[in-house]
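One-letter residues, chain by chain:
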Amino acid sequence: MANLKSLAKDTAIYGLSSIVGRFLNYLLVPLYTHYMPKASGDYGISTNVYAYTALILVLLTFGMETTLFRFANDERTKPDTVFSTAFATVGSLTVVFLLLVFGFIGPISGALGYESHPDYLLMMAVVVALDAIQAMPFSYLRFQKRAIRFASLKMLFILLNIALNVIWFVLLGKTSVFYVFFINLLCTGFITLFFIPDLFKIQWKFDGRLLKHMLSYSWPILILGIAGILNQVADKIIFPLVYPDGAEANVQLGVYGSCVKIAMIMAMITQAFRYAYEPIVFAKNKDADKTEYYASAMKYFVIFTLLAFLVVMGWMPLLQYIIGEDYREGLGVVPIVMMAEIFMGIYFNLSFWYKLIDKTIYGAWFSLAGCAVLLAVNIIFIPKIGYWACAWGGLAGYFTSMTLSYFVGQKKNPIPYPMKDIIIYFISSMALFGMMKWFARHTEWPEWVLFLINNFLILGFIYRIIKCDLPLSQIPIIGKKFKKTK
(Lines give C-alpha, C1' and ligand atoms only; values in the text may rest on other atoms or scores of the structure.)
Protein backbone atom coordinates (compact mmCIF):
# COMPACT_ATOMS: atom_id res chain seq x y z
CA MET A 1 0.00 0.00 0.00
CA ALA A 2 2.86 2.38 0.84
CA ASN A 3 4.43 1.73 -2.56
CA LEU A 4 1.16 2.47 -4.33
CA LYS A 5 0.74 5.72 -2.40
CA SER A 6 4.27 6.76 -3.33
CA LEU A 7 3.60 5.85 -6.95
CA ALA A 8 0.39 7.85 -6.97
CA LYS A 9 2.14 10.87 -5.46
CA ASP A 10 4.99 10.78 -7.99
CA THR A 11 2.55 10.25 -10.83
CA ALA A 12 0.60 13.33 -9.75
CA ILE A 13 3.79 15.42 -9.62
CA TYR A 14 5.01 14.27 -13.03
CA GLY A 15 1.56 14.64 -14.53
CA LEU A 16 0.96 18.09 -13.07
CA SER A 17 4.35 19.37 -14.24
CA SER A 18 3.71 18.01 -17.73
CA ILE A 19 0.20 19.42 -18.04
CA VAL A 20 1.06 22.80 -16.51
CA GLY A 21 4.17 22.92 -18.69
CA ARG A 22 2.17 22.23 -21.83
CA PHE A 23 -0.34 24.90 -20.84
CA LEU A 24 2.32 27.52 -20.19
CA ASN A 25 4.01 26.72 -23.50
CA TYR A 26 0.55 27.11 -25.01
CA LEU A 27 0.74 30.78 -24.04
CA LEU A 28 3.59 31.29 -26.52
CA VAL A 29 1.20 30.62 -29.42
CA PRO A 30 -0.62 34.00 -29.22
CA LEU A 31 2.74 35.69 -28.67
CA TYR A 32 4.33 34.20 -31.78
CA THR A 33 1.27 34.46 -34.04
CA HIS A 34 0.65 38.08 -33.11
CA TYR A 35 4.27 39.24 -33.38
CA MET A 36 5.51 37.09 -36.30
CA PRO A 37 3.61 38.08 -39.47
CA LYS A 38 2.14 35.19 -41.43
CA ALA A 39 3.79 36.40 -44.64
CA SER A 40 7.27 36.08 -43.10
CA GLY A 41 6.86 32.31 -42.79
CA ASP A 42 8.79 32.45 -39.49
CA TYR A 43 6.22 30.44 -37.55
CA GLY A 44 6.29 27.82 -40.28
CA ILE A 45 10.08 27.64 -40.00
CA SER A 46 9.76 27.17 -36.25
CA THR A 47 7.20 24.39 -36.76
CA ASN A 48 9.42 22.63 -39.31
CA VAL A 49 12.68 22.85 -37.35
CA TYR A 50 11.11 21.69 -34.09
CA ALA A 51 9.68 18.68 -35.93
CA TYR A 52 13.21 17.70 -36.96
CA THR A 53 14.53 18.15 -33.43
CA ALA A 54 11.80 15.91 -31.98
CA LEU A 55 12.78 13.12 -34.37
CA ILE A 56 16.51 13.55 -33.78
CA LEU A 57 16.03 13.49 -30.00
CA VAL A 58 14.43 10.04 -30.25
CA LEU A 59 17.38 8.82 -32.33
CA LEU A 60 20.01 10.22 -29.97
CA THR A 61 18.46 8.87 -26.77
CA PHE A 62 18.19 5.44 -28.47
CA GLY A 63 15.54 4.13 -26.10
CA MET A 64 17.98 4.45 -23.20
CA GLU A 65 15.52 6.24 -20.92
CA THR A 66 13.29 3.17 -20.57
CA THR A 67 16.33 0.88 -20.72
CA LEU A 68 17.87 2.68 -17.75
CA PHE A 69 14.77 1.91 -15.65
CA ARG A 70 14.81 -1.73 -16.69
CA PHE A 71 18.46 -2.41 -15.82
CA ALA A 72 18.80 -0.06 -12.85
CA ASN A 73 16.06 -2.07 -11.12
CA ASP A 74 17.90 -5.33 -11.80
CA GLU A 75 19.51 -6.66 -8.60
CA ARG A 76 22.46 -7.98 -10.61
CA THR A 77 23.56 -4.50 -11.71
CA LYS A 78 24.50 -1.33 -9.89
CA PRO A 79 22.34 1.70 -10.77
CA ASP A 80 25.36 4.00 -11.11
CA THR A 81 26.98 1.58 -13.57
CA VAL A 82 23.79 1.42 -15.61
CA PHE A 83 23.56 5.21 -15.64
CA SER A 84 27.24 5.59 -16.57
CA THR A 85 26.91 3.15 -19.46
CA ALA A 86 23.71 4.75 -20.74
CA PHE A 87 25.10 8.26 -20.37
CA ALA A 88 28.32 7.34 -22.20
CA THR A 89 26.31 5.77 -25.05
CA VAL A 90 24.01 8.75 -25.51
CA GLY A 91 26.91 11.16 -25.04
CA SER A 92 28.93 9.41 -27.77
CA LEU A 93 26.00 9.50 -30.19
CA THR A 94 25.53 13.19 -29.40
CA VAL A 95 29.18 14.04 -30.09
CA VAL A 96 29.08 12.20 -33.43
CA PHE A 97 25.84 14.01 -34.31
CA LEU A 98 27.33 17.45 -33.55
CA LEU A 99 30.51 16.70 -35.52
CA LEU A 100 28.43 15.68 -38.54
CA VAL A 101 26.16 18.73 -38.35
CA PHE A 102 28.96 21.25 -37.89
CA GLY A 103 31.17 19.50 -40.45
CA PHE A 104 28.50 19.31 -43.15
CA ILE A 105 26.28 22.26 -42.30
CA GLY A 106 26.42 23.59 -45.87
CA PRO A 107 24.96 20.52 -47.60
CA ILE A 108 22.55 19.88 -44.72
CA SER A 109 21.12 23.41 -44.67
CA GLY A 110 20.85 23.34 -48.46
CA ALA A 111 19.00 20.02 -48.49
CA LEU A 112 16.53 21.20 -45.85
CA GLY A 113 15.92 24.58 -47.50
CA TYR A 114 17.86 26.70 -44.99
CA GLU A 115 20.94 27.55 -47.07
CA SER A 116 20.53 31.23 -46.13
CA HIS A 117 20.06 30.46 -42.43
CA PRO A 118 22.41 27.65 -41.35
CA ASP A 119 22.54 29.39 -37.96
CA TYR A 120 19.00 28.14 -37.25
CA LEU A 121 20.11 24.54 -37.69
CA LEU A 122 23.35 24.97 -35.74
CA MET A 123 21.56 26.45 -32.74
CA MET A 124 18.89 23.75 -32.70
CA ALA A 125 21.51 21.01 -33.20
CA VAL A 126 23.15 22.14 -29.95
CA VAL A 127 19.73 22.33 -28.26
CA VAL A 128 18.74 18.79 -29.24
CA ALA A 129 22.19 17.52 -28.23
CA LEU A 130 21.82 19.08 -24.78
CA ASP A 131 18.27 17.71 -24.50
CA ALA A 132 19.58 14.20 -25.27
CA ILE A 133 22.29 14.52 -22.63
CA GLN A 134 19.75 15.86 -20.11
CA ALA A 135 17.44 12.92 -20.80
CA MET A 136 19.68 10.53 -18.86
CA PRO A 137 19.93 12.58 -15.63
CA PHE A 138 16.21 13.31 -15.85
CA SER A 139 15.51 9.57 -16.12
CA TYR A 140 17.85 8.90 -13.19
CA LEU A 141 15.94 11.43 -11.09
CA ARG A 142 12.78 9.45 -11.79
CA PHE A 143 14.54 6.21 -10.85
CA GLN A 144 15.69 7.81 -7.59
CA LYS A 145 12.09 8.98 -6.98
CA ARG A 146 13.19 12.62 -6.89
CA ALA A 147 9.99 13.77 -8.52
CA ILE A 148 10.03 17.28 -7.06
CA ARG A 149 13.50 18.05 -8.41
CA PHE A 150 12.48 16.59 -11.78
CA ALA A 151 9.34 18.74 -11.97
CA SER A 152 11.12 21.85 -10.64
CA LEU A 153 13.77 21.78 -13.36
CA LYS A 154 11.15 21.20 -16.06
CA MET A 155 9.07 24.12 -14.79
CA LEU A 156 12.13 26.37 -14.43
CA PHE A 157 12.96 25.84 -18.10
CA ILE A 158 9.40 26.67 -19.19
CA LEU A 159 9.07 29.79 -17.03
CA LEU A 160 12.49 31.08 -18.10
CA ASN A 161 11.66 30.40 -21.74
CA ILE A 162 8.37 32.30 -21.52
CA ALA A 163 9.94 35.22 -19.66
CA LEU A 164 12.74 35.63 -22.21
CA ASN A 165 10.30 35.36 -25.11
CA VAL A 166 8.16 38.13 -23.61
CA ILE A 167 11.23 40.31 -23.08
CA TRP A 168 12.58 39.77 -26.61
CA PHE A 169 9.30 39.92 -28.53
CA VAL A 170 7.25 42.43 -26.54
CA LEU A 171 9.74 44.70 -24.82
CA LEU A 172 12.67 44.64 -27.26
CA GLY A 173 10.64 44.18 -30.42
CA LYS A 174 12.83 41.30 -31.68
CA THR A 175 10.28 39.29 -33.65
CA SER A 176 12.42 37.06 -35.85
CA VAL A 177 12.33 33.26 -35.52
CA PHE A 178 16.07 33.52 -34.86
CA TYR A 179 15.27 34.63 -31.32
CA VAL A 180 12.92 31.69 -30.77
CA PHE A 181 15.84 29.32 -31.34
CA PHE A 182 18.36 31.52 -29.53
CA ILE A 183 16.20 31.72 -26.40
CA ASN A 184 15.71 27.96 -26.44
CA LEU A 185 19.47 27.52 -26.63
CA LEU A 186 20.02 29.84 -23.65
CA CYS A 187 17.39 28.12 -21.51
CA THR A 188 18.52 24.58 -22.36
CA GLY A 189 22.15 25.43 -21.61
CA PHE A 190 21.15 27.02 -18.31
CA ILE A 191 19.18 23.96 -17.15
CA THR A 192 22.06 21.67 -18.11
CA LEU A 193 24.24 23.42 -15.52
CA PHE A 194 21.97 22.17 -12.71
CA PHE A 195 22.97 18.57 -13.43
CA ILE A 196 26.70 19.13 -12.93
CA PRO A 197 26.61 18.60 -9.12
CA ASP A 198 24.62 15.37 -9.61
CA LEU A 199 27.13 14.05 -12.14
CA PHE A 200 29.98 14.49 -9.64
CA LYS A 201 28.11 12.24 -7.19
CA ILE A 202 27.99 9.31 -9.62
CA GLN A 203 30.41 6.41 -9.27
CA TRP A 204 31.37 6.27 -12.93
CA LYS A 205 31.95 2.87 -14.48
CA PHE A 206 31.40 1.85 -18.10
CA ASP A 207 30.43 -1.81 -18.60
CA GLY A 208 30.79 -3.05 -22.19
CA ARG A 209 29.10 -6.38 -21.51
CA LEU A 210 26.19 -4.62 -19.86
CA LEU A 211 25.95 -2.30 -22.88
CA LYS A 212 25.34 -5.27 -25.19
CA HIS A 213 22.38 -6.36 -23.07
CA MET A 214 21.10 -2.80 -22.88
CA LEU A 215 21.31 -2.32 -26.65
CA SER A 216 19.46 -5.58 -27.31
CA TYR A 217 16.69 -4.28 -25.04
CA SER A 218 16.66 -0.70 -26.35
CA TRP A 219 16.55 -1.14 -30.12
CA PRO A 220 12.89 -2.31 -30.26
CA ILE A 221 12.03 0.67 -28.07
CA LEU A 222 13.93 2.88 -30.51
CA ILE A 223 11.90 1.54 -33.45
CA LEU A 224 8.66 2.08 -31.55
CA GLY A 225 9.82 5.58 -30.59
CA ILE A 226 10.69 6.49 -34.18
CA ALA A 227 7.33 5.28 -35.44
CA GLY A 228 5.55 7.15 -32.66
CA ILE A 229 7.33 10.46 -33.20
CA LEU A 230 6.94 10.23 -36.98
CA ASN A 231 3.20 9.97 -36.46
CA GLN A 232 3.40 13.31 -34.67
CA VAL A 233 5.89 15.28 -36.77
CA ALA A 234 6.24 13.65 -40.21
CA ASP A 235 3.66 15.97 -41.78
CA LYS A 236 5.56 19.04 -40.58
CA ILE A 237 8.83 17.65 -41.94
CA ILE A 238 7.40 16.58 -45.29
CA PHE A 239 5.32 19.70 -45.99
CA PRO A 240 8.08 22.08 -47.21
CA LEU A 241 9.65 19.25 -49.22
CA VAL A 242 6.58 18.40 -51.32
CA TYR A 243 4.53 21.62 -51.36
CA PRO A 244 4.69 23.03 -54.91
CA ASP A 245 5.54 26.62 -53.97
CA GLY A 246 8.71 26.68 -51.88
CA ALA A 247 8.30 30.33 -50.87
CA GLU A 248 4.71 29.79 -49.75
CA ALA A 249 5.41 26.48 -47.96
CA ASN A 250 6.56 28.01 -44.67
CA VAL A 251 3.64 30.46 -44.69
CA GLN A 252 1.11 27.63 -45.05
CA LEU A 253 2.93 25.46 -42.52
CA GLY A 254 2.81 28.35 -40.07
CA VAL A 255 -0.97 28.55 -40.46
CA TYR A 256 -1.32 24.81 -39.91
CA GLY A 257 1.14 24.71 -36.99
CA SER A 258 -0.60 27.52 -35.14
CA CYS A 259 -4.12 26.13 -35.58
CA VAL A 260 -2.98 22.67 -34.49
CA LYS A 261 -2.01 24.20 -31.15
CA ILE A 262 -5.69 24.64 -30.31
CA ALA A 263 -6.23 20.93 -30.92
CA MET A 264 -3.40 20.17 -28.47
CA ILE A 265 -5.92 20.68 -25.67
CA MET A 266 -6.86 17.07 -26.42
CA ALA A 267 -3.22 16.02 -26.12
CA MET A 268 -3.12 17.56 -22.62
CA ILE A 269 -6.18 15.53 -21.59
CA THR A 270 -4.68 12.34 -23.00
CA GLN A 271 -1.39 13.01 -21.23
CA ALA A 272 -3.17 13.54 -17.91
CA PHE A 273 -5.09 10.30 -18.39
CA ARG A 274 -1.89 8.45 -19.27
CA TYR A 275 -0.02 9.56 -16.14
CA ALA A 276 -2.94 8.57 -13.93
CA TYR A 277 -3.94 5.36 -15.71
CA GLU A 278 -0.67 3.69 -16.73
CA PRO A 279 0.53 2.70 -13.23
CA ILE A 280 -2.98 1.49 -12.30
CA VAL A 281 -3.12 -0.84 -15.30
CA PHE A 282 -0.01 -2.76 -14.31
CA ALA A 283 -1.03 -2.83 -10.64
CA LYS A 284 -4.49 -4.11 -11.63
CA ASN A 285 -3.14 -6.88 -13.86
CA LYS A 286 -3.30 -9.51 -11.07
CA ASP A 287 -6.91 -8.80 -10.10
CA ALA A 288 -9.78 -11.03 -11.21
CA ASP A 289 -11.89 -8.12 -12.47
CA LYS A 290 -9.12 -6.54 -14.53
CA THR A 291 -10.78 -6.95 -17.96
CA GLU A 292 -13.99 -5.29 -16.76
CA TYR A 293 -11.94 -2.46 -15.30
CA TYR A 294 -10.01 -1.93 -18.55
CA ALA A 295 -13.26 -1.99 -20.55
CA SER A 296 -14.86 0.62 -18.28
CA ALA A 297 -11.77 2.82 -18.38
CA MET A 298 -11.86 2.80 -22.18
CA LYS A 299 -15.52 3.77 -22.19
CA TYR A 300 -15.05 6.72 -19.85
CA PHE A 301 -11.95 7.86 -21.70
CA VAL A 302 -13.95 8.00 -24.94
CA ILE A 303 -16.87 9.76 -23.24
CA PHE A 304 -14.80 12.54 -21.72
CA THR A 305 -12.55 13.11 -24.72
CA LEU A 306 -15.65 13.45 -26.90
CA LEU A 307 -17.01 15.93 -24.35
CA ALA A 308 -13.73 17.87 -24.59
CA PHE A 309 -14.06 17.79 -28.38
CA LEU A 310 -17.53 19.33 -28.20
CA VAL A 311 -16.43 21.96 -25.68
CA VAL A 312 -13.53 23.08 -27.90
CA MET A 313 -15.74 23.15 -30.99
CA GLY A 314 -18.51 24.97 -29.14
CA TRP A 315 -16.11 27.51 -27.67
CA MET A 316 -14.23 28.09 -30.92
CA PRO A 317 -15.69 31.62 -31.24
CA LEU A 318 -13.56 32.49 -28.18
CA LEU A 319 -10.64 30.09 -28.60
CA GLN A 320 -9.88 31.40 -32.07
CA TYR A 321 -8.45 34.54 -30.49
CA ILE A 322 -5.57 32.47 -29.10
CA ILE A 323 -3.89 32.79 -32.48
CA GLY A 324 -3.31 35.88 -34.60
CA GLU A 325 -5.99 36.93 -37.07
CA ASP A 326 -3.83 36.19 -40.11
CA TYR A 327 -3.48 32.56 -39.04
CA ARG A 328 -7.17 31.82 -38.43
CA GLU A 329 -7.87 30.73 -41.98
CA GLY A 330 -6.70 27.23 -41.00
CA LEU A 331 -9.12 26.71 -38.08
CA GLY A 332 -11.06 24.18 -40.15
CA VAL A 333 -8.38 21.56 -39.46
CA VAL A 334 -8.91 21.73 -35.69
CA PRO A 335 -11.78 19.18 -35.45
CA ILE A 336 -9.89 16.77 -37.72
CA VAL A 337 -6.71 16.99 -35.65
CA MET A 338 -8.67 16.70 -32.40
CA MET A 339 -10.37 13.55 -33.64
CA ALA A 340 -6.94 12.20 -34.60
CA GLU A 341 -5.81 12.86 -31.02
CA ILE A 342 -8.85 10.94 -29.72
CA PHE A 343 -7.91 7.98 -31.92
CA MET A 344 -4.36 8.23 -30.61
CA GLY A 345 -5.67 8.14 -27.04
CA ILE A 346 -7.80 5.10 -27.81
CA TYR A 347 -4.77 3.45 -29.38
CA PHE A 348 -2.84 4.16 -26.17
CA ASN A 349 -5.60 2.45 -24.17
CA LEU A 350 -5.63 -0.52 -26.51
CA SER A 351 -1.83 -0.82 -26.33
CA PHE A 352 -1.94 -2.36 -22.86
CA TRP A 353 -2.97 -5.75 -24.16
CA TYR A 354 0.46 -6.34 -25.70
CA LYS A 355 2.35 -4.60 -22.91
CA LEU A 356 0.76 -6.85 -20.32
CA ILE A 357 1.75 -10.03 -22.17
CA ASP A 358 5.25 -8.74 -23.08
CA LYS A 359 4.57 -8.60 -26.82
CA THR A 360 5.60 -5.00 -27.43
CA ILE A 361 6.74 -5.85 -30.94
CA TYR A 362 3.07 -5.59 -31.93
CA GLY A 363 3.14 -1.94 -30.90
CA ALA A 364 6.04 -1.30 -33.26
CA TRP A 365 4.19 -2.94 -36.17
CA PHE A 366 0.95 -1.08 -35.49
CA SER A 367 2.75 2.26 -35.18
CA LEU A 368 4.76 1.65 -38.34
CA ALA A 369 1.59 0.76 -40.25
CA GLY A 370 -0.07 3.98 -39.09
CA CYS A 371 3.06 5.95 -39.95
CA ALA A 372 3.10 4.45 -43.47
CA VAL A 373 -0.50 5.56 -44.04
CA LEU A 374 0.26 9.04 -42.71
CA LEU A 375 3.30 9.40 -44.97
CA ALA A 376 1.39 8.18 -48.03
CA VAL A 377 -1.49 10.61 -47.49
CA ASN A 378 0.87 13.54 -46.95
CA ILE A 379 3.14 12.84 -49.92
CA ILE A 380 0.23 12.24 -52.30
CA PHE A 381 -2.15 14.99 -51.21
CA ILE A 382 -0.06 17.90 -49.84
CA PRO A 383 0.69 19.11 -53.41
CA LYS A 384 -3.07 19.08 -54.09
CA ILE A 385 -4.78 20.29 -50.89
CA GLY A 386 -1.94 21.70 -48.80
CA TYR A 387 -2.06 21.46 -45.01
CA TRP A 388 -5.47 19.78 -45.09
CA ALA A 389 -3.58 16.66 -46.14
CA CYS A 390 -1.56 16.90 -42.91
CA ALA A 391 -4.73 16.85 -40.83
CA TRP A 392 -6.37 14.01 -42.77
CA GLY A 393 -3.10 12.07 -42.86
CA GLY A 394 -2.83 12.16 -39.07
CA LEU A 395 -6.43 11.03 -38.71
CA ALA A 396 -5.93 8.15 -41.17
CA GLY A 397 -2.65 7.11 -39.54
CA TYR A 398 -3.98 6.94 -35.99
CA PHE A 399 -7.18 5.28 -37.18
CA THR A 400 -5.07 2.57 -38.83
CA SER A 401 -3.00 1.92 -35.70
CA MET A 402 -6.09 1.95 -33.50
CA THR A 403 -8.04 -0.45 -35.71
CA LEU A 404 -5.17 -2.92 -36.06
CA SER A 405 -4.55 -2.91 -32.31
CA TYR A 406 -8.22 -3.50 -31.55
CA PHE A 407 -8.78 -6.45 -33.89
CA VAL A 408 -5.47 -8.18 -33.17
CA GLY A 409 -5.89 -7.55 -29.46
CA GLN A 410 -9.33 -9.12 -29.41
CA LYS A 411 -7.75 -12.32 -30.73
CA LYS A 412 -4.57 -12.33 -28.62
CA ASN A 413 -5.84 -10.92 -25.32
CA PRO A 414 -9.59 -10.13 -25.57
CA ILE A 415 -11.15 -7.41 -23.45
CA PRO A 416 -14.95 -6.93 -23.52
CA TYR A 417 -15.07 -3.26 -24.50
CA PRO A 418 -18.65 -1.86 -24.51
CA MET A 419 -18.55 -1.12 -28.24
CA LYS A 420 -22.27 -0.42 -28.52
CA ASP A 421 -22.13 2.35 -25.91
CA ILE A 422 -18.91 3.78 -27.38
CA ILE A 423 -20.39 3.89 -30.88
CA ILE A 424 -23.56 5.58 -29.62
CA TYR A 425 -21.48 8.28 -27.92
CA PHE A 426 -19.45 8.80 -31.09
CA ILE A 427 -22.58 9.15 -33.22
CA SER A 428 -24.31 11.50 -30.76
CA SER A 429 -21.25 13.73 -30.39
CA MET A 430 -20.79 13.97 -34.16
CA ALA A 431 -24.49 14.78 -34.55
CA LEU A 432 -24.18 17.62 -32.03
CA PHE A 433 -21.03 18.86 -33.77
CA GLY A 434 -22.89 18.76 -37.08
CA MET A 435 -25.67 20.87 -35.57
CA MET A 436 -23.13 23.45 -34.39
CA LYS A 437 -21.69 23.68 -37.89
CA TRP A 438 -25.15 23.87 -39.47
CA PHE A 439 -26.27 26.79 -37.30
CA ALA A 440 -22.97 28.61 -37.97
CA ARG A 441 -23.24 28.22 -41.75
CA HIS A 442 -26.98 28.51 -42.43
CA THR A 443 -28.09 31.26 -40.08
CA GLU A 444 -27.25 34.93 -39.74
CA TRP A 445 -27.62 34.99 -35.98
CA PRO A 446 -25.12 36.98 -33.90
CA GLU A 447 -22.06 35.15 -32.66
CA TRP A 448 -23.20 35.30 -29.03
CA VAL A 449 -26.47 33.53 -29.97
CA LEU A 450 -24.54 30.77 -31.73
CA PHE A 451 -22.30 30.51 -28.67
CA LEU A 452 -25.34 30.00 -26.43
CA ILE A 453 -26.73 27.35 -28.78
CA ASN A 454 -23.40 25.52 -28.75
CA ASN A 455 -23.37 25.49 -24.95
CA PHE A 456 -26.96 24.25 -24.88
CA LEU A 457 -25.95 21.33 -27.13
CA ILE A 458 -22.94 20.59 -24.90
CA LEU A 459 -25.22 20.54 -21.85
CA GLY A 460 -27.39 18.02 -23.67
CA PHE A 461 -24.37 15.73 -24.07
CA ILE A 462 -23.49 16.16 -20.39
CA TYR A 463 -27.08 15.34 -19.43
CA ARG A 464 -26.86 12.06 -21.32
CA ILE A 465 -23.58 11.20 -19.56
CA ILE A 466 -25.10 11.85 -16.13
CA LYS A 467 -28.32 10.02 -16.91
CA CYS A 468 -26.79 6.93 -18.52
CA ASP A 469 -23.23 6.50 -17.30
CA LEU A 470 -22.43 8.80 -14.41
CA PRO A 471 -25.34 8.77 -11.93
CA LEU A 472 -25.18 11.66 -9.46
CA SER A 473 -25.69 9.24 -6.56
CA GLN A 474 -22.28 7.67 -7.30
CA ILE A 475 -20.28 10.90 -7.25
CA PRO A 476 -18.48 11.66 -3.95
CA ILE A 477 -19.98 14.53 -1.88
CA ILE A 478 -22.52 15.34 -4.62
CA GLY A 479 -23.88 11.81 -4.30
CA LYS A 480 -24.60 12.25 -0.58
CA LYS A 481 -26.57 15.44 -1.16
CA PHE A 482 -28.36 13.84 -4.08
CA LYS A 483 -29.52 10.92 -1.92
CA LYS A 484 -30.77 13.27 0.80
CA THR A 485 -32.97 15.19 -1.63
CA LYS A 486 -34.65 12.03 -2.93
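Criteria and cut-off values
Residues numbered from 1 in each chain as written. Predicted model: local features only at pLDDT ≥ 70, side-chain atom pairs only at ≥ 80, totals over all residues. Heavy atoms only, no water. Helix = DSSP H or I, 4+ residues; strand = E, 2+ residues; numbered from the N terminus. Contact = heavy atoms within 4.5 Å. Areas by Shrake-Rupley, 256 points an atom, 1.4 Å probe, with all protein chains shown as cover. Salt bridge = Lys/Arg side-chain N within 4 Å of Asp/Glu carboxyl O. Buried < 20%, exposed > 50% of the residue type's maximum accessible area, 1.4 Å probe, protein only. 1 Å grid on protein atoms, 1.4 Å probe; cavity = no way out; pocket = protein on both sides within 12 Å on 5 of 7 lines; lining within 4 Å. Points joined across faces, edges and corners; volume = space filled by probe spheres on them. Axes fitted to C-alpha atoms, helices over the stretch in contact; angles between N-to-C directions. Parallel < 35°, antiparallel > 145°, perpendicular 65-115°, else oblique. Nonpolar A, V, L, I, M, F, W, Y, C, P; charged D, E, K, R; others polar. Polar contact = N/O pair within 3.5 Å; in protein donor to acceptor, adjacent residues only side chain to side chain.

Some details on the overall build of the protein chain
- Per the secondary structure count, the protein chain includes 21 helices and zero strands.
- Partitioning the intrachain contacts of the protein chain with sequence separation of at least 6 by distance along the chain shows that 81% fall at a separation of at least 24.
- By element, 68% of the accessible surface of the protein chain is carried by carbon and sulfur atoms, the whole surface being about 23800 Å².

Some details on the pattern of salt bridges
- The tally for this structure, following the rule as stated, stands at five salt bridges.
- Between Lys38 and Glu329 there is a salt bridge, with its nearest N and O atoms 2.7 Å apart. Remark: Glu329 occurs in the loop between helix H14 (316-319) and helix H15 (334-350) and Lys38 occurs in the loop between helix H2 (28-35) and helix H3 (42-61); sequence separation between them is 291 residues.
- Taking the relative accessible area as the measure of exposure, Glu329 reaches 43% and is therefore partly exposed.
- In this structure, Asp421 engages Lys299 in a salt bridge whose closest nitrogen and oxygen atoms are separated by 3.0 Å.

Here's the deal with the layout of surface pockets
- The calculated volume of the second largest pocket comes to roughly 370 Å³.
- If you go around the second largest pocket, you meet 15 residues; those closest to its centre are Met313, Met316, Pro317, Lys437 and Ala440.
- Taken together, the elements giving at least two residues each to the lining of the second largest pocket come down to H14, helix H19 (419-442) and helix H20 (447-468).
- Per-element tally for the lining of the second largest pocket: the top contributor is H19, with five residues.

Thoughts on the packing of H3 against helix H5 (residues 79-103)
- Close contact between H3 and H5 brings their axes to 8 Å; oriented N to C, the two are set at 135 degrees. As far as their axial angle goes, H5 and H3 are oblique. Only Val90, Leu93, Thr94 and Phe97 of H5 make contact with H3, whose side of the interface consists of Ile56, Leu59, Leu60 and Thr61.
- Residues of the contact of H3 with H5, tallied by class, amount to six nonpolar, two polar and no charged.

Overview of empty space enclosed by the protein
- Using the criterion set out here, one finds two cavities of 30 Å³ or more in the structure.
- Space inside the second largest cavity adds up to approximately 30 Å³.
- Taken together, Leu350, Trp353, Ser405, Tyr406, Gly409, Gln410, Asn413, Ile415 and Tyr417 form the lining of the second largest cavity.
- It is helix H18 (residues 388-412) that contributes the most residues to the lining of the second largest cavity, four residues altogether.

Considerations on the packing of H5 against helix H11 (residues 208-242)
- Where H5 contacts H11, the two axes come as close as 10 Å, and the packing angle between them is 70 degrees. By the angle class used here, H5 and H11 are roughly perpendicular. Across from Thr81, Val82, Thr85, Ala86 and Thr89 in H5, the residues of H11 making contact are Leu210, Leu211 and Met214.
- Residues that form the contact of H5 with H11 fall into these classes: five nonpolar, three polar and no charged.

Some thoughts on the side chain of Thr85
- Along the polypeptide, Thr85 turns up in helix H5.
- Polar side-chain contacts of Thr85 include one of 3.3 Å to the backbone nitrogen of Asp207.
- Excluding residues within four positions of it along the chain, Thr85 makes contact with Lys205, Phe206, Asp207, Leu210, Leu211 and Met214.

Limitation: the analysis is restricted to geometry and does not speak to function.
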